[in-house]
Amino acid sequence: MNRANRRSEKKSVKQLQKNIVQAGKKVERIERVVLGFNFLVDKKAVEIDLPSLSLYRELIGTEPKEMESWMKNAYLYCRMKKGMAPGAVLFFKDIESGVVIGQYDGKRAIF
């Protein structure tokens, strides 16, 4: 085996190791999201009736980045635990008034 092949194999092994680490981190993140939403659902702070998720307005925050992150996590939870279809739109409603706060389609948030 020549040097070029050995270098190529080393790069491939390093990339595979990196991919495994990244996959592990992603699984840990998903686990934290699911546990967090299970807690909120148990405490009745969030109600899910697909394609809608009702919550107290204070939970989602006011900053656009914070709101989008929250919506992304809720979308992930609904996909993993509630069987929501990929690309389906999840509507966020105020639990007290029923007013639509925003929506998330798996790629972008609208509020």
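Check the entry above for the structure.
Residues numbered from 1 in each chain as written. Predicted model: local features only at pLDDT ≥ 70, side-chain atom pairs only at ≥ 80, totals over all residues. Heavy atoms only, no water.

1. Some thoughts on the overall build of the protein chain
Within the protein chain, the secondary structure is distributed over three helices and five strands. The linear arrangement of helices and strands in the protein chain, starting from the amino end, is α-β-β-α-α-β-β-β. Over its C-alpha atoms the protein chain spans a radius of gyration of 19 Å, topping by over 25% the 13 Å that the globule rule assigns to 111 residues. When its C-alpha atoms are laid out on the principal axes, the protein chain stretches across 70 × 25 × 25 Å. Going through the 111 residues of the protein chain one by one, you find that 26% of them count as buried. (Helix = DSSP H or I, 4+ residues; strand = E, 2+ residues; numbered from the N terminus. Rg over C-alpha atoms; globule rule 2.2 N^0.38 Å. Buried < 20%, exposed > 50% of the residue type's maximum accessible area, 1.4 Å probe, protein only.)

2. Considerations on helix 3 (residues 64-81)
With 18 residues, helix 3 should cover 26 Å at 1.5 Å per step; its first-to-last C-alpha distance of 25 Å lies within 8% of that length. Taken as a whole, helix 3 has its buried residues at Met67, Trp70, Met71, Asn73, Ala74, Tyr75, Tyr77 and Cys78. The positive-phi residue at the C-terminal boundary of helix 3 is glycine 83, with phi of around 75°. (Expected span 1.5 Å × (residues − 1).)

3. Examining the packing of aromatic side chains
This model, assessed by the stated rule, comprises three aromatic pairs. Between phenylalanine 37 and tyrosine 77, the aromatic rings sit 5.3 Å apart at their centres with planes inclined by 25°, giving stacked as the arrangement. Here tyrosine 77 lies in helix 3 and phenylalanine 37 lies in helix 1 (residues 3-42), a separation of 40 residues in the sequence. Here phenylalanine 37 falls in the buried class, since its relative accessible area comes to 5%. Accessibility expressed as a relative area gives 3% for tyrosine 77, which makes it buried. (Phe/Tyr/Trp six-rings, centres within 6.5 Å; stacked < 30°, edge-to-face > 60°.)

4. With respect to the nonpolar core
Judged by nonpolar contacts, the single largest core of 23 residues is most densely connected at Leu53, Leu55, Trp70, Leu90 and Phe92. A total of seven residues in this core trace back to one element, the largest contributor, which is helix 3. With sequence-adjacent residues up to four places away left out, phenylalanine 92 is seen in contact with Leu53, Leu55, Ile60, Trp70, Met71, Ala74, Val99, Val100, Ile101, Gly102, Gln103 and Tyr104. (Core = buried A, V, L, I, M, F, W, Y, C linked by side-chain atoms within 4.5 Å. Contact = heavy atoms within 4.5 Å.)

5. So, a positive patch on the surface
On the surface, a cluster of positive charge is contributed by Arg6, Arg7, Lys10, Lys11 and Lys14. Along the chain, lysine 10 turns up in helix 1. (Patch = residues over 30% accessible without salt bridge, like charges linked within 9 Å, V, L, I, M, F, W, Y side chains within 5 Å. Areas by Shrake-Rupley, 256 points an atom, 1.4 Å probe, with all protein chains shown as cover. Salt bridge = Lys/Arg side-chain N within 4 Å of Asp/Glu carboxyl O. Lys, Arg positive; Asp, Glu negative; His and termini not counted. Charge placed at Lys NZ, Arg CZ, Asp CG, Glu CD.)

6. A word on the environment of valine 27
Within the element layout of this structure, valine 27 appears in helix 1. Along the chain, valine 27 and aspartate 42 lie 15 residues apart, while their C-alpha atoms are 22 Å from each other.

7. Some points on the side chain of asparagine 73
In this fold, asparagine 73 is placed in helix 3. On the basis of relative accessibility, which here comes to 18%, the residue asparagine 73 falls in the buried class. Not counting residues within four places of it along the chain, the set of residues in contact with asparagine 73 comprises Arg29, Val33 and Phe37.

Read these as geometric descriptors, not functional statements.
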